[in-house]
Amino acid sequence: METETLAAASEIDFSLLALFLRATLTVKIVMIILVVASVWSWGIIIQRHLLYRKSRGQSRTFEDAFWSGQPLDQVYDQIKDDPDGGAEKIFVSGMREWRRSHRGDGGLIAGAQARIDRAMNVAIQREADDVNSGLTFLATVGSISPFVGLFGTVWGIKHAFEEIAIQQSTNLAVVAPGIAEALLATALGLLAAIPAVVFYNKLSGDAEKITGSHESFADEFSMILSRQLDRADD
């Protein structure tokens, strides 16, 4: 009897595709959701990585030009129509407000420093929103995918017990396929969650560094303009 059971179990196809096709509709939907979430997560991970690398390169290039000794008005005139990268956008927003703060006679409108700082802060926030875009989805996938997979597993095991009751048999050929299908849902949940959590932490750190570099640049630029304002008041 045991030999016949093992022989029957060995004839069952346990490939991933076969397990998916044999699963109930509910478990299939769970598996599809987890696979889509995993693919989407990897798309965000790759896109964010490329964006952050590009952003760091743009910031280095601009800051080299900014600290090269070239007049700031000249730098502004070169990039004002199409600023490329967060640092350039912050610089352009500050310089634009700087120029708007000058009256026709060359004097400065009161409160120029505060307006320049607010303009740059708005630009920093926009860049922060951009670099953090998509990270919430990674955090969500990392948090809920194991539970979604567990739901699929519980449902699959329930179906396996139903098959045992219907066939009134607990031999390996009856139990193994249902349990394997159920556990596949958990495996897919972990497959989606683990990379999402790992790269969420990595990309969040990168985003904070990029935003911090933008804030540091804005502070340095604000000090330069503050000195110019003090000279104008004198």
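Calculation criteria
Residues numbered from 1 in each chain as written. Predicted model: local features only at pLDDT ≥ 70, side-chain atom pairs only at ≥ 80, totals over all residues. Heavy atoms only, no water. Helix = DSSP H or I, 4+ residues; strand = E, 2+ residues; numbered from the N terminus. Buried < 20%, exposed > 50% of the residue type's maximum accessible area, 1.4 Å probe, protein only. Contact = heavy atoms within 4.5 Å. Areas by Shrake-Rupley, 256 points an atom, 1.4 Å probe, with all protein chains shown as cover. Arc of directions from axis to C-beta. Core = buried A, V, L, I, M, F, W, Y, C linked by side-chain atoms within 4.5 Å. Expected span 1.5 Å × (residues − 1). Phe/Tyr/Trp six-rings, centres within 6.5 Å; stacked < 30°, edge-to-face > 60°. pLDDT = per-residue confidence, 0-100. Axes fitted to C-alpha atoms, helices over the stretch in contact; angles between N-to-C directions. Parallel < 35°, antiparallel > 145°, perpendicular 65-115°, else oblique. Left-handed = near helix turned anticlockwise from the far one by under 90°. Nonpolar A, V, L, I, M, F, W, Y, C, P; charged D, E, K, R; others polar.

### A look at the overall build of the chain
Here's step 1: Along the backbone of the chain there are eight helices and zero strands.
Here's step 2: Listed by position from the N terminus, the elements making up the chain come as α-α-α-α-α-α-α-α.
Here's step 3: Across the 234 residues that make up the chain, the buried fraction comes to 38%.
Here's step 4: Considering only residue pairs separated by 6 or more positions, the chain has 76% of its internal contacts joining residues 24 or more positions apart.
Here's step 5: Split by element, the accessible area of the chain, about 13400 Å² in all, is 61% carbon and sulfur.

### Overview of the environment of T24
Here's step 1: Relative to the elements of secondary structure, T24 occurs in the loop between α2 (16-22) and α3 (25-66).
Here's step 2: For T24, a relative accessible area of 17% gives the class buried.
Here's step 3: Each C-alpha atom of the pair T24 and E181 lies 9.0 Å from the other, and the pair is 157 residues apart in sequence.
Here's step 4: Excluding residues within four positions of it along the chain, T24 makes contact with W155 and H159.

### Thoughts on helix α4 (residues 72-79)
Here's step 1: All of the buried residues in α4 are V75, Y76 and I79. Projected onto a plane normal to the axis of α4, the buried residues spread over an arc of 100° and lie on a single side.

### Some points on the nonpolar core
Here's step 1: In this structure, F62, F66, I90, F91, F217 and F221 are the most contacted members of the largest nonpolar core, which totals 22 residues.
Here's step 2: Among the elements of the structure, α3, α4, α5 (86-100), α6 (112-131) and α8 (172-233) are those that each provide at least two residues to this core.

### Notes on α5
Here's step 1: Look at α5: 21 Å from first C-alpha to last across 15 residues, which is about the 21 Å you get at 1.5 Å a residue.
Here's step 2: Extensive coverage of α5 is indicated by the burial of eleven of its 15 residues.
Here's step 3: Where α5 is concerned, the buried positions are G86, A87, E88, I90, F91, V92, S93, G94, M95, E97 and W98.

### Brief notes about the packing of aromatic side chains
Here's step 1: Considering all chains together, one arrives at 13 aromatic pairs under this definition.
Here's step 2: With a centroid separation of 5.0 Å and an interplanar angle of 75°, the aromatic rings of F66 and F217 are classed as edge-to-face. One end of the pair, F66, is in helix α3; the other, F217, is in helix α8, with 151 residues separating them in the sequence. Across the pair, F217 and F66 agree in class, each one buried.
Here's step 3: Geometrically, the ring pair formed by Y76 and F91 is edge-to-face, given 6.5 Å between the ring centres and 70° between the ring planes. One end of the pair, Y76, is in helix α4; the other, F91, is in helix α5, and 15 residues separate them in sequence. We note that Y76, like F91, is buried.
Here's step 4: Grouped by ring-pair contacts, the aromatic residues F62, F66, W67, Y76, F91, F217 and F221 constitute a single cluster.

### Some details on the confidence of the model for the chain
Where the model shows low pLDDT, its predicted coordinates should not be examined in detail.
Here's step 1: Overall, the prediction assigns the chain a mean pLDDT of 83, with 82% of residues at 70 or greater.
Here's step 2: Ranking the elements of the chain by mean pLDDT puts helix α1 (residues 2-10) last with 47 and α3 first with 91.
Here's step 3: Overall, residues 4-9 carries pLDDT values under 50, and its contacts beyond four positions in sequence, including any with other chains, amount to eight contacts.

### Notes on the side chain of S204
Here's step 1: Following the sequence through the fold, S204 ends up in helix α8.
Here's step 2: Looking at S204, the relative accessible area reads 15%, which means it is buried.
Here's step 3: Those residues in contact with S204, other than ones at most four positions away along the chain, are L135 and F199.

### Some details on the packing of α5 against α6
Here's step 1: Interhelical geometry of α5 versus α6 gives an angle of 155° and a closest axis separation of 8 Å. By the angle class used here, α5 and α6 are roughly antiparallel. In this structure, the crossing between α5 and α6 has a hand that is right-handed. Packed against α5, whose contacting residues are G86, K89, I90, S93, G94, E97 and W98, the element α6 presents R115, I116, A119, M120, A123, I124 and E127 at the interface.
Here's step 2: Its residues placed into classes, the contact of α5 with α6 shows seven nonpolar, three polar and four charged.

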